[in-house]
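Commentary on secondary and tertiary structure
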Amino acid sequence: MTTLLKAQPVVDQKIADLTKRCQSLIQKGKRPLMKVVLVGNNPASLTYIRNKKKMCETIGAEFELDQLDSSISKTDFLAHVEKLNQNPKVTGIIIQLPVSNELKSLRISQLVTPEKDIDGFHGHNTQWLYEGSIQTNHLLPCTPKGIVELLDYYQIPLKGKHAVVIGRSLIVGKPLSMLLSNRNATVTLAHSKTENLADLTKIADIIISAVGKAELITAKHINPAKKTVVVDVGMNTLHDKLVGDVKFDEVSPLVAAISPVPGGVGPMTVISLIENLILASEKQS
Ligand code: NAD
C-alpha cells in the first residue's frame, strides 16, 4: 500500500497552534500583518496570494496586498519596499515572484529586512542553514521547511538516508539540500546538467523533485525494491490540470509513499509562511 503524503492533517494541526499564538499576540496589541507586494497582475501569482490571504484570515492575522503597476521604476519600487521595512505596523513582507523585467536585475531576496523576511530568502536567514541549524525558531525558507515537516509528520526517517533533490534553485533545491543534510540525510543535489538522473534516483531512499517539468519522473526512475519516498514539489499545467513533476499514476504503485499535487507540498509551503509570520511577530514583540 502506498502512503499518500497529504498536507491536510499537518495543516489542521498547525492551524490550531498558530491561531492560539496569533490570539496571544493580538491580546498584547500586536496583531500580525502580512504585506504582499505584487508587481503587475500575473494570474498564477494572484492565485498564490489568495491562498496566503485565506490562511492569514483563518488564524486571525491581518493581510494586505500592495499591487504595483508593472511599469514601476527600480527607484520607486525600492522606495516602496523600504517604506514597508520601516513601518512598525508591518510584521512580514513578501515580494511576490516573478517581478517585472525592469526589476529582475535587483537582488530581490535581499530587499526585505531580515526581521520581516517571512519567505526566509535573505542571506541573514539562510545563513542559519549553512551553520547547520535544525532550529524551528529561525525564519527558514518556507518550501524546504514545509517538506521536512511533512516527512516528519509521516514519520519518514531522514538520518542516514540517501535523499536525491532534483533542482538547485535558491528558493527550493539549494536550501532543501542543506536542511536535509542538517537533519543527517546524505544528499545528492541533481540539476539540469546532471547525467543519468535515473541511476541516482534508483539508489535513493527519498526523491524530491523541484524542477517544474510535468512527467519528468516516471517508472524508469524508480527501483520498486527500494520502497522509495517521493516528494513532488513541481507545479505545472498539463491538459489544463495542475500536475507535479512526477507521472503520478505510473510512479505511485512502485513507491512506499508519495506526495500528491495538489494537496501535498503546496499547502505545506503556505502554512510554513504563516508560521514564519507568527514567529517574526513574536520575535519583534
Ligand atoms: P527554478 O526554475 O528556479 O529551478 C528549476 C531547477 O530545475 C533548476 O535548478 C534546474 O537546474 C533544474 N532542472 C531543469 N531541468 C531539469 C532536468 N531535466 N533534470 C534535472 N533538473 C532540471 O524552479 P523553482 O522555483 O525551484 O521551482 C521548481 C518547481 O517547483 C516549479 O514547478 C514551481 O512552480 C514549483 N514550486 C512549488 C512550490 C510549492 O509550494 N508547491 C514552491 C516553490 C516552487
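Our subject is the structure listed above.
First things first, this report covers the structure right here in the doc. (Residues numbered from 1 in each chain as written. Predicted model: local features only at pLDDT ≥ 70, side-chain atom pairs only at ≥ 80, totals over all residues. Heavy atoms only, no water.)

So, on to the state of the cysteines. Using the criterion set out here, one finds 0 disulfides in the structure. Free cysteine: Cys142, not disulfide-bonded; nearest cysteine sulfur from Cys56 at 12 Å. (Disulfide = S-S within 2.5 Å.)

If you check the shell around the ligand, you find 21 residues, and the closest are Arg168, Ser169, Gly212, Met235 and Thr269. Ser192 places a polar main-chain atom, nitrogen or oxygen, 3.1 Å from an oxygen atom of the ligand. Contacts to the ligand include Val233, whose backbone N or O atom sits 3.5 Å from a nitrogen atom. Looking at the shell around the ligand residue by residue, the classes come out as 9 nonpolar, 10 polar and 2 charged. (Near = heavy atom within 4 Å. Polar contact = N/O pair within 3.5 Å; in protein donor to acceptor, adjacent residues only side chain to side chain. Nonpolar A, V, L, I, M, F, W, Y, C, P; charged D, E, K, R; others polar.)

Another aspect to go through is the pattern of salt bridges. Within the structure shown, the criterion is met by 11 salt bridges. One salt bridge in this structure joins Asp17 and Arg21, with 3.2 Å as the shortest N-O distance. Placement of both Asp17 and Arg21 in helix α1 (residues 8-27) is noted, with a separation of 4 residues, approximately one turn of the helix. Overall, the relative accessible area of 35% leaves Asp17 in the partly exposed class. Between Asp66 and Lys35 there is a salt bridge; the shortest N-O distance is 3.1 Å. Linking Asp66 in strand β3 (residues 62-68) with Lys35 in strand β2 (residues 33-39), this pair joins segments that are 31 residues apart in sequence. By relative accessible area, Lys35 is classed as buried at 7%. Members of the salt-bridge network, linked through shared partners, are Lys14, Lys145, Glu149 and Glu275. (Salt bridge = Lys/Arg side-chain N within 4 Å of Asp/Glu carboxyl O. Helix = DSSP H or I, 4+ residues; strand = E, 2+ residues; numbered from the N terminus. Buried < 20%, exposed > 50% of the residue type's maximum accessible area, 1.4 Å probe, protein only.)

The final tally for this structure, using the stated rule, is 1 aromatic pair. Between the aromatic rings of Tyr153 and Tyr154, the centroid separation amounts to 5.0 Å while the plane-to-plane angle is 75°, which identifies the pairing as edge-to-face. What makes Tyr154 partly exposed here is its relative accessible area of 22%. (Phe/Tyr/Trp six-rings, centres within 6.5 Å; stacked < 30°, edge-to-face > 60°.)

Turning to a positive patch on the surface, a few remarks are in order. Together, Arg168, Lys174, Lys193 and Lys213 give the surface a local cluster of positive charge. As for its placement among the helices and strands, Lys174 is situated in helix α6 (residues 173-182). A relative accessible area of 39% places Lys174 in the partly exposed class. (Patch = residues over 30% accessible without salt bridge, like charges linked within 9 Å, V, L, I, M, F, W, Y side chains within 5 Å. Areas by Shrake-Rupley, 256 points an atom, 1.4 Å probe, with all protein chains shown as cover. Lys, Arg positive; Asp, Glu negative; His and termini not counted. Charge placed at Lys NZ, Arg CZ, Asp CG, Glu CD.)

So yeah, pure geometry; function would need other evidence.
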